[in-house]
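Here's the letter readout for the chains.
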Amino acid sequence: MSDQIYIQPLTTVPGPQAVEGEAIRLAGGMVYAREFAVMLRRDGTVIQRHIATKSTIDDVLAALPEEVGGEGEAQWSNLRMAHPALELGERTIRLDQPQVMGILNMTPDSFSDGGAFLDDAGAMQSQAAAMHEAGAAIIDIGGESTRPGAKDVWEGEEIGRVQPAIEHCVGMGAAVSVDTRRPAVMEAALQSGAHVINDVSALRYDPRSLQFAASSGAPVILMHTPGSGENLHAEADYTHVVFDVFDFLREMRDRAIEAGIAREKIVLDPGIGFGKSLADNLALLNALPLFHALGQPLLLGASRKRMIGALSNEAPADRRMGGSLAIAQLGMNAGVQLLRVHDVEETVQARNVWRGLRDAALTDFAMLAD
């Protein structure tokens, strides 16, 4: 018998004053959560589900089996945790509001814009400058496509692809993450000035990656993928995709901490589109607030992905901006801290309007109270 507990925020409100204080500030951000589902799962099946609020959750947690009580208290604390800013070189990335990460693919075969910037330094530099000027908090640079069926890349070639872009972006004052699963590429990228390691394999692809990341002191982004080898999309056999991804990310968080990576330097990503069906992706997106119970900042990367085409008459990747913005707003409403996107200017504008609405909602209720 194996019991596990999950606390999922269910409803949000414009601010705590709207419900006479009966809400928490979710993950220290701009979203306020009122009701929570406390779920007890045994051997893969949910056997208890209670709806709690801020004033009743202590009683609900106290009634849980003793072996999961501590985890329940930890998750409740995690949901209310305010995350410290990421210090990336000379830039400070605050995590009390959504931030936009711009995608710069230095590849010939990425699903959206493969080849557009790899062999054209001027185009790469213009794209990087446009994202930076539009308000990208971080520019994420990758030299290997991870779409299904993509060809493997020799690490030397991958380094040659990403280094010039990293050096250019760092030179113009941007915070930079490197999207790679190879420790040699991680090392070369950090030496070139990159600040963050973004590993789609959660530091599992190469056995040397975990220790290198720990010794580097750099923040890491750990993403869920069902596969651990060359094909990250393989082995997708879920009992319940939301709980399975949650459990995986909890394991990867603990593995990273045990290896010596500071907890405040770990970001988690549910891996939308990686080894997941349309139904799987939709389930994860609708359950995003649950992942704050892991106590780490969250990254959402769904920009232009296949699921958007599947929901919009098979629109090609370059015509999926509307769907991408819809998912970005869903992420903001769920309290996600980092949005990884292709369309930076449009997403930053959407974020700014969303942030204005959130601020105004707090002011409006305060005025009504007077």
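About the criteria used
Residues numbered from 1 in each chain as written. Predicted model: local features only at pLDDT ≥ 70, side-chain atom pairs only at ≥ 80, totals over all residues. Heavy atoms only, no water. Helix = DSSP H or I, 4+ residues; strand = E, 2+ residues; numbered from the N terminus. Buried < 20%, exposed > 50% of the residue type's maximum accessible area, 1.4 Å probe, protein only. Contact = heavy atoms within 4.5 Å. Core = buried A, V, L, I, M, F, W, Y, C linked by side-chain atoms within 4.5 Å. 1 Å grid on protein atoms, 1.4 Å probe; cavity = no way out; pocket = protein on both sides within 12 Å on 5 of 7 lines; lining within 4 Å. Points joined across faces, edges and corners; volume = space filled by probe spheres on them. Nonpolar A, V, L, I, M, F, W, Y, C, P; charged D, E, K, R; others polar.

> Honestly, the overall build of the protein in this entry has me stumped. Any pointers?
Helices and strands together make up the secondary structure of the protein, namely 11 helices and 14 strands. Each of the three principal axes of the protein carries a C-alpha extent, and together these read 60 × 55 × 45 Å. Buried positions account for 55% of the 370 residues belonging to the protein. For the protein, the share of sequence-separated contacts (at least 6 apart) that also reach a separation of at least 24 residues comes to 68%.

> Would you mind going over the nonpolar core with me for this structure?
Across soluble globular proteins, nonpolar side chains show a tendency to be buried alongside one another. Core analysis: the biggest nonpolar cluster contains 92 residues, and Val-38, Leu-104, Ile-141, Leu-222, Ile-261 and Phe-291 have the highest contact counts within it. Apart from residues no more than four positions distant in its own chain, Val-38 is found in contact with Ile-5, Tyr-6, Ile-7, Gln-48, Arg-49, His-50, Ala-52, Ile-57, Val-60, Leu-61 and Leu-64. By size, the runner-up hydrophobic cluster in this structure holds 13 residues, among which are Leu-88, Ile-93, Leu-95 and Ile-221.

> Sorry, what's going on with empty space enclosed by the protein here?
A probe as big as a water molecule, rolled over the atoms, marks out the empty space that is left. Overall, the coordinates contain three cavities of 30 Å³ or more when judged by the stated rule. For the largest cavity, the calculated volume is near 60 Å³. Taken together, Leu-300, Gly-301, Ala-302, Ser-303, Ser-324, Ile-327, Ala-328, Leu-339, Arg-340 and Val-341 make up the lining of the largest cavity. Breaking the lining of the largest cavity down by element, the ones donating at least two residues are helix H10 (321-333) and strand S14 (338-341). In this structure, the second largest cavity is lined by Gly-29, Met-30, Val-31, Leu-95, Asp-96, Gln-97, Pro-98, Met-332, Gly-335, Val-336, Gln-337 and Trp-354. For the lining of the second largest cavity, the per-class residue count stands at seven nonpolar, four polar and one charged.

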